[in-house]
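Read off the chains here:
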Amino acid sequence: MELFIVTAGVIRKEGRILIAQRYVKTDHALKWEFPGGKLEEGETPEQCLTREIEEELDLRIEVKDIFKVVYHRYVDKEILLLCYLCNCIGGQAKAIDCHDFRWIDIEELKKYDFVEADLPIVEKILSLGEHIFEIDG
Ligand SMILES: Nc1nc2c([nH]c(=O)n2[C@H]2C[C@H](O)[C@@H](COP(=O)(O)OP(=O)(O)OP(=O)(O)O)O2)c(=O)[nH]1
Ligand SMILES: [Mg+2]
């Protein structure tokens, strides 16, 4: 089974975090995730995440420390998900390469149907609560 290294960001701005909804036509259609994507040859995870967020949402971010590493096996693939805490430092989000996006409060996380691999990340954010806005990793 193929293993993908995937980066994802918990992007913070003014007391909210950004979540994105996957396209209808992709795997995990219409599920919610922390935006990011597959690591490409020759780039660091931080460069990958910065690039993906620019491409998918037209946002500038500052990538801070690693927040959670999740290994997950789906039926057809394995992923090693590197999730970083980030700050949004510029731009107005646009759904350029995702179905939709939302800036949400922490407690709203429970209302969204996230991809399976993200559940440990959602749990960690919920357990930190508002403290997530005061830390960098
Ligand atoms: N970006 C992202 N992908 C995730 C998360 N959780 C999770 O299981 N994945 C899976 C879904 C995909 O099968 C895989 C790669 O993500 P992706 O579809 O965003 O990759 P990408 O942006 O590079 O898109 P593409 O070029 O492959 O179309 O990782 C997450 O929180 N964020
Ligand atoms: Mg992506």
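Residues numbered from 1 in each chain as written. Chains lettered and ligands numbered in written order. Predicted model: local features only at pLDDT ≥ 70, side-chain atom pairs only at ≥ 80, totals over all residues. Heavy atoms only, no water.

Visitor: So what exactly am I meant to see when it comes to the coordination of the magnesium ion (ligand 2) here?
Guide: Angles at a metal have ideal values that depend on geometry: 109.5 degrees with four tetrahedral donors, 90 or 180 degrees with six octahedral donors. At this site the magnesium ion (ligand 2) is bound by Gly 36 (O) and Glu 56 (OE), with donor distances of 2.2 to 2.3 Å. Here the residue Gly 36 occupies a position in strand β4 (residues 36-38), and Glu 56 occupies one in helix α1 (residues 45-57), the gap between them amounting to 20 residues. Considered together, Gly 36 and Glu 56 belong to a single accessibility category, that of buried residues. (Donors = N, O, S within 2.8 Å, 3.2 Å for Na, K, Ca; no water. Helix = DSSP H or I, 4+ residues; strand = E, 2+ residues; numbered from the N terminus. Buried < 20%, exposed > 50% of the residue type's maximum accessible area, 1.4 Å probe, protein only.)

Visitor: Could you clarify how one ought to interpret the pattern of salt bridges in this entry?
Guide: When their charged atoms lie close together, side chains carrying opposite charge are able to pair. One pass over the full model with this rule turns up 19 salt bridges. A salt bridge links Asp 27 to Lys 77, with the nearest nitrogen and oxygen atoms 3.0 Å apart. Residue Asp 27 is found in the loop between β2 (16-21) and β3 (32-33), and its partner Lys 77 is found in the loop between β5 (60-73) and β6 (78-90); the two are separated by 50 residues along the sequence. The class for Asp 27 is partly exposed, based on a relative accessible area of 34%. Accessibility expressed as a relative area gives 11% for Lys 77, which makes it buried. Residues joined by salt bridges that share partners form a network here, namely Arg 22, Asp 27, Glu 33, Asp 76 and Lys 77. (Salt bridge = Lys/Arg side-chain N within 4 Å of Asp/Glu carboxyl O.)

Visitor: Explain the UniProt feature "binding site: 8-oxo-dGTP" (unreviewed entry) in the protein chain here, please?
Guide: Cross-referencing UniProt, the feature "binding site: 8-oxo-dGTP" (unreviewed entry) maps to Arg 22, Glu 33, Phe 34, Pro 35 and Gly 36 in the present numbering. Position of Arg 22 relative to the elements: it lies in the loop between β2 and β3. Those residues in contact with Arg 22, other than ones at most four positions away along the chain, are Asp 27, His 28, Ala 29, Leu 30, Lys 31, Glu 33, His 99 and Val 115. Of note, Phe 34 is situated in the loop between β3 and β4. Exposure remark for Phe 34: the relative accessible area of 3% places this residue in the buried category. (UniProt positions renumbered as here; feature names shortened; annotations may be inferred. Contact = heavy atoms within 4.5 Å.)

Visitor: How should I be thinking about the packing of aromatic side chains in this particular structure?
Guide: What characterises a pair of aromatic rings is the spacing of the ring centres plus the angle enclosed by the ring planes. Considering all chains together, one arrives at two aromatic pairs under this definition. Residues Trp 32 and Tyr 112 carry aromatic rings whose centres are separated by 4.9 Å and whose planes lie at 70° to one another, so their mutual orientation is edge-to-face. In this pair, Trp 32 sits in strand β3 while Tyr 112 sits in the loop between β7 (100-104) and α2 (119-128), placing the two residues 80 residues apart along the sequence. Residue classification places Trp 32 among the buried positions, given a relative accessible area of 6%. Among the residues examined, Tyr 112 registers a relative accessible area of 15% and is labelled buried. Ring centres of Phe 34 and Phe 114 lie 5.2 Å apart, and the angle between their planes is 20°; on these two criteria the pair is classed as stacked. Placement of the pair is Phe 34 in the loop between β3 and β4 and Phe 114 in the loop between β7 and α2, with a sequence separation of 80 residues. A relative accessible area of 4% places Phe 114 in the buried class. Residue placement shows Lys 124 over the ring face of Phe 67; its charged tip is 4.5 Å from the ring centre. (Phe/Tyr/Trp six-rings, centres within 6.5 Å; stacked < 30°, edge-to-face > 60°. Lys NZ or Arg CZ within 6 Å of the ring centre and 35° of its normal.)

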